[in-house]
Amino acid sequence: MKKKLLAALLSTAMVATLLSGCGSSSSSSTETETEAAEEETEEAAEETEEAEEETAEAVDNSSITLEIVSKGLQHQYWQAVLQGVNNKAEELGVTVNFVGPDSESDIQVQVTELQAALDANPSAIGLAALDTSAVSDLLEQAKEAGIPVIGFDSGVPDAPEGSVYATCATDNYAAGELAAEKVYEAIADRIASADGSVRIGVVAQDATSESVINRGLGFIDKMGELAEADGKTVGMASNSNEKYISDSALEADDSADVIIEVLVPASVTSELSATDATTLMNKEDTIAIYGSNEHSANAMITANENLGVLGTGDDQIIAAGFDSGASIKAAVADGTFLGAITQAPVAMGETLVELLVAAANGEEVEDVDTGCQWYTADNMDDEEIAQNLYD
């Protein structure tokens, strides 16, 4: 009897234990499923919020209109910028009107184009100023109207305070320094062994554009620094353009060991710039020459067609250009030019539109350096370089 009672009690205990275990497993499983469901709900809510933000942004962008006033459309460089502008405008769904004068000496034409841009009452304006002083009043009008202005390429140096929100451009001074470093490597031995003065020419398109001026000044100042570090005196030729003499770190000195001469044409034409290049290349003591933009580099190529003095030989004039384009790339490839500086014009156009859209939407914007590279016959086909070379 006692044995039967003990067996019954043991059976009851085992069943209770089993039931307790089943209840614990069921509760744990339910909690896990609940947590998973909550996480899925949160993720779905986040995805919905992101989708709503993207939709709202798309709706906002569709109403954005942008006016972009460049320095011109005649150079291939500006066509590459335009390509970048169109790429990003299509991606973001905004409307863009891109204009520029026929010549980069047509300052009044650009003023008229900027006035037309203001009259269109756009969401934002992009501007590469030929002459800031000529557009200062219009920039004040844009500021008063609450129209954001973003500078690009040369930007808008010394613009009225608060009128230009940001600038996307190459650090032109640093780009000029890079060109000087590369040219100096090629001429250092000639300078060191020269019996008399040697001359380095600079063909500059103008003395009003921030980009052109800074590319020239970066080249001049770095060249002076490098030559002086090697124990040479360096001075500007007294007949150089006054702007470059006054703004450079060098003094006018026609008796220095290294003389840097900067010529600027009376107006921006291919013929006048080619004449300047010819003048510099015809001087017996010229050992190097630099063109600070596509226009000036092409002028050097034109001058050399008659003179045949550019190249990398010991008795030839070392030449460096700026920008690319078919003619400059060919000159680099065949050794007429030691090399050239390229910007990233397509990326600049894309960045410009991004900044304009951000400013139009009331977002904070800041300056962007779109970079530069030195290319030669040896590296111009490298993927990193080739993507920034335009025709």
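Residues numbered from 1 in each chain as written. Predicted model: local features only at pLDDT ≥ 70, side-chain atom pairs only at ≥ 80, totals over all residues. Heavy atoms only, no water.

## Description of the side chain of Ser296
What counts is decided by this rule: Helix numbers and strand numbers start at the N terminus; a helix is a DSSP run of H or I with at least 4 residues, a strand a run of E with at least 2. Definition of a polar contact: a pair of N or O atoms within 3.5 Å, with one able to donate and the other able to accept a hydrogen when the atoms are protein atoms, and with sequence-neighbouring residues admitted only if both atoms are side-chain atoms. By the convention used here, residues are in contact when the closest approach between their heavy atoms is within 4.5 Å.
Secondary-structure assignment places Ser296 in helix H9 (residues 294-307). Only 3.3 Å separates the side chain of Ser296 from the backbone oxygen of Val203, close enough to count as a polar contact. Discounting chain neighbours no more than four positions away, the residues touching Ser296 are Val203, Ala204, Gln205 and Gly291.

## Remarks on H9
How we decide: Every helix has an expected span of 1.5 Å times one less than the residues it contains. Note on classification: 1.4 Å probe, protein chains only; a residue is buried when its accessible area is under 20% of the maximum for its type, exposed when over 50%, partly exposed between these limits.
For H9, which comprises 14 residues, the first-to-last C-alpha distance of 20 Å matches the rise-based estimate of 20 Å (1.5 Å per residue) to within 8%. Here H9 has its buried residues at Glu294, His295, Ser296, Ala297, Ala299, Met300, Ile301, Ala303 and Asn304.

## So, the nonpolar core
One recurring pattern in soluble globular proteins: nonpolar side chains tend to sit buried together. Operational definition: Side-chain atoms within 4.5 Å are what join buried Ala, Val, Leu, Ile, Met, Phe, Trp, Tyr and Cys residues into a set we call a nonpolar core.
If you look at the biggest cluster of nonpolar residues, it comprises 35 residues, and the most contacted ones within it are Ile187, Ile200, Phe219, Met223, Tyr244 and Ile260. Elements supplying a minimum of two residues to this core: helix H5 (172-193), strand E6 (198-203), helix H6 (210-229), strand E7 (234-236), helix H7 (242-247), strand E8 (258-263), strand E9 (286-291) and strand E10 (318-322). When residues in this core are grouped by element, the largest group, eight residues, is from H5. Setting aside residues no more than four positions away along its own chain, Ile260 makes contact with Ile200, Val202, Ile220, Met223, Val234, Gly235, Met236, Ala237, Ser240 and Leu250. Val94, Phe152, Cys168 and Ala359 belong to the second largest nonpolar core, which has 28 residues in total.

## Focus: the pairing of strand E5 (residues 164-169)
On any regular strand, side chains alternate: one points to one face of the sheet, the next to the other face. Inclusion rule: Strands are labelled as partners when DSSP assigns at least two bridges between them.
In this sheet, E5 lies alongside strand E4 (residues 149-152) in parallel orientation, the contact comprising four bridges. Note on E5: the bridge partner recorded for Val149 is Val164. Alignment of E5 against strand E12 (residues 368-369), held across two bridges, turns out to be parallel. Along E12, the bridge assignment pairs Cys168 with Val368.

## Let's talk about the sheet that holds strand E2 (residues 95-99)
So the rule is basically this: In this analysis, axes come from line fits to C-alpha atoms, helices being fitted only over the stretch in contact, and the angle between any two N-to-C directions falls in the range 0 to 180 degrees.
Taken together, the six strands give an open sheet; going across it, the order is E2-E1-E3-E4-E5-E12, and neighbouring strands pair in parallel fashion. Lying at the two open borders of the sheet, with one neighbouring strand each, are E2 and E12. Contacts from helix H2 (residues 76-92) reach strand E1 (65-69), E2 and E4, with the element oriented near 170° to E2.

## Brief notes about the sheet that holds strand E13 (residues 373-375)
Read across the sheet, seven strands follow the order E7-E8-E6-E9-E10-E11-E13 without closing on themselves; strand pairing throughout is mixed. Looking along the sheet, the strands with just one partner apiece sit at the ends: E7 and E13. When the angles between neighbouring strand axes are averaged without regard to direction, this sheet yields 20°. Contacting E6, E8 and E9, helix H8 (residues 270-281) crosses the sheet at an angle of about 175° to E6.

## Overview of unusual backbone geometry
The residue Asn121 is not glycine, and still its phi comes out positive at about 50°. Of note, Asn121 is situated in the loop between helix H3 (107-119) and strand E3 (124-127). With relative accessibility at 56%, the residue Asn121 sits in the exposed group. Residue Asp158 is not a glycine yet carries a positive backbone phi of 60°. Judged by its relative accessible area of 76%, Asp158 falls in the exposed class.

## Side note on a negative patch on the surface
To be explicit about the condition: In this scheme, patches are assembled from residues that exceed 30% relative accessible area and form no salt bridge. Like charges are connected within 9 Å, while nonpolar side chains (Val, Leu, Ile, Met, Phe, Trp, Tyr) are connected within 5 Å. Under the convention used here, a 1.4 Å probe and the Shrake-Rupley method define accessible areas, while residue burial counts only the protein chains that appear. We define a salt bridge as a side-chain nitrogen of Lys or Arg found within 4 Å of a carboxyl oxygen belonging to Asp or Glu. Positive charges come from Lys and Arg, negative ones from Asp and Glu, while His and the chain ends are left out of the count. By convention, the point assigned to a charge is CZ for Arg, NZ for Lys, CD for Glu and CG for Asp.
Taken together, Asp381, Asp382, Glu383 and Glu384 make up a surface patch of like negative charges. Mapped onto the elements, Glu384 comes out in helix H12 (residues 383-386). On the basis of relative accessibility, which here comes to 56%, the residue Glu384 falls in the exposed class.

## Examining the confidence of the model for the protein chain
What counts is decided by this rule: Per-residue confidence from the predictor is reported as pLDDT, a score between 0 and 100.
Looking at the protein chain, pLDDT values average 89 and 85% of them are 70 or higher. Predicted confidence is poor over residues 1-27, with pLDDT under 50, and the contacts of this stretch with residues over four places away or in other chains come to zero contacts. Here residues 55-59 is a poorly scored stretch, pLDDT under 50, and it has zero contacts once near neighbours within four places are set aside; other chains count.

## Topic: the pattern of salt bridges
Going through the model one piece at a time under the given rule, you end up with ten salt bridges. Its salt-bridge partner being Glu261, residue Arg199 comes within 2.8 Å of it at the nearest N-O pair. In this pair, Arg199 is assigned in strand E6 and Glu261 in strand E8, connecting sequence segments 62 residues apart. Taken as a pair, Arg199 and Glu261 share a single burial class, namely buried. In this structure, Glu225 engages Lys222 in a salt bridge whose closest nitrogen and oxygen atoms are separated by 3.2 Å. Of this pair, Glu225 and Lys222 both sit in helix H6, three residues apart, which is roughly one turn of that helix. In this structure, a network of salt bridges that share partners links the residues Arg199, Glu261, Lys283 and Asp285.

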